[in-house]
Amino acid sequence: MKTNNPLTAVALLTLLVTLSATGCKTHVSHRSDGFKSMKAGDVAGAVEHFEQAVEVRSTDFQGQYWLGVNLLQAGDAIRAQAPLEQALALRPHDPVWRPRIADAVAESYYQQDQREKLHAFLDNMVVTYSQQSCDFMRKAHYLGGMGDSDGQKLALEKAGFFALPGDIKPYLAQADFYKGVNDVPGAVQALKYAYYTDPTAEVVKDRLRGLGIIPGPTVSDIPPKAELLD
């Protein structure tokens, strides 16, 4: 670029030298360095790189999310909370990212033993996002972790109720729950629902065989899809 103004030329040269000296990196570059650190098992390094990414662009929801995740990995749930909440605020309706960010937000509250806040968050996710299966799965997981087995059971039932066609995860989780409380018939019933949902799933067949049930058409049971009451 040509310029006839010597002051402008000097200013431009100074800017270029400054940018070169500081190695002006984008938030995407910092994120890439963060992923490299993660791959190498360097959590502290990853935190530093993702911090730099969000310093460059605070609206980088991926940078905020991965910063929070690595802070959780480092055992610093207090510092993780803010970037994770920011990531969720930046992507509140993203069908792919919203559930995984919400999982990490919930974990930050859980690790801090903020039970009241965690309960409110779990309920809010269920109500705000029209009762999606993933939100009930999250709720069941943390209610179980807090010792509320009745609430966990109901949340798992609702997760199955709202599950999309072909989604066996809620029924496998139900089977795990029943197995944990020594309710073999309950575990078998949950696996029958899973078998109906996806009769090709080897994990379901294996678990049925493990309980002495031979997989086949007569094993399949239609899972309940009627409204559940609290």
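Please read all numbers here as calculations on a predicted model, not as lab measurements. (Residues numbered from 1 in each chain as written. Predicted model: local features only at pLDDT ≥ 70, side-chain atom pairs only at ≥ 80, totals over all residues. Heavy atoms only, no water.)

Caption draft 1: Broad picture of the packing of helix α10 (residues 169–180) against helix α11 (residues 184–197). Interhelical geometry of α10 versus α11 gives an angle of 170° and a closest axis separation of 8 Å. The orientation of α10 relative to α11 falls into the category roughly antiparallel. For the pair α10 and α11, contact is made by Y171, L172, Q174, A175, Y178 and K179 and by G186, A187, A190, L191, Y193, A194 and T197, respectively. Looking at the contact of α10 with α11 residue by residue, the classes come out as nine nonpolar, three polar and one charged. (Axes fitted to C-alpha atoms, helices over the stretch in contact; angles between N-to-C directions. Helix = DSSP H or I, 4+ residues; strand = E, 2+ residues; numbered from the N terminus. Parallel < 35°, antiparallel > 145°, perpendicular 65-115°, else oblique. Contact = heavy atoms within 4.5 Å. Nonpolar A, V, L, I, M, F, W, Y, C, P; charged D, E, K, R; others polar.)

Caption draft 2: How the structure looks around the pattern of salt bridges. Overall, the coordinates contain 15 salt bridges when judged by the stated rule. The closest approach of N and O atoms between R207 and D176, which form a salt bridge, is 2.5 Å. With R207 in helix α12 (residues 202–210) and D176 in helix α10, this pair connects stretches of sequence that are 31 residues apart. Looking at R207, the relative accessible area reads 25%, which means it is partly exposed. A relative accessible area of 44% places D176 in the partly exposed class. Here the salt bridges share partners, and the residues they tie into one network are R98, D103, D135 and R138. (Salt bridge = Lys/Arg side-chain N within 4 Å of Asp/Glu carboxyl O. Buried < 20%, exposed > 50% of the residue type's maximum accessible area, 1.4 Å probe, protein only.)

Caption draft 3: Local environment of the environment of F161. Its place among the elements puts F161 in helix α9 (residues 149–161). Residue class for F161 comes out buried when judged on its relative accessible area of 16%. Taking the C-alpha atoms as reference points, F161 and Q131, separated by 30 residues in sequence, lie 9.7 Å from one another.

Caption draft 4: Spotlight on the packing of aromatic side chains. For the structure on display, the rule yields eleven aromatic pairs. Three or more aromatic residues joined by ring pairs form one cluster here, namely F35, F50, F61, Y65, W66 and W97. Above the face of the Y129 ring, R98 is positioned so that its terminal group lies 3.7 Å from the ring centre. Just above the ring of W97 sits the side chain of R100; from NZ or CZ to the centre is 4.4 Å. (Phe/Tyr/Trp six-rings, centres within 6.5 Å; stacked < 30°, edge-to-face > 60°. Lys NZ or Arg CZ within 6 Å of the ring centre and 35° of its normal.)

In short, shape yes, function no, at least from these values alone.
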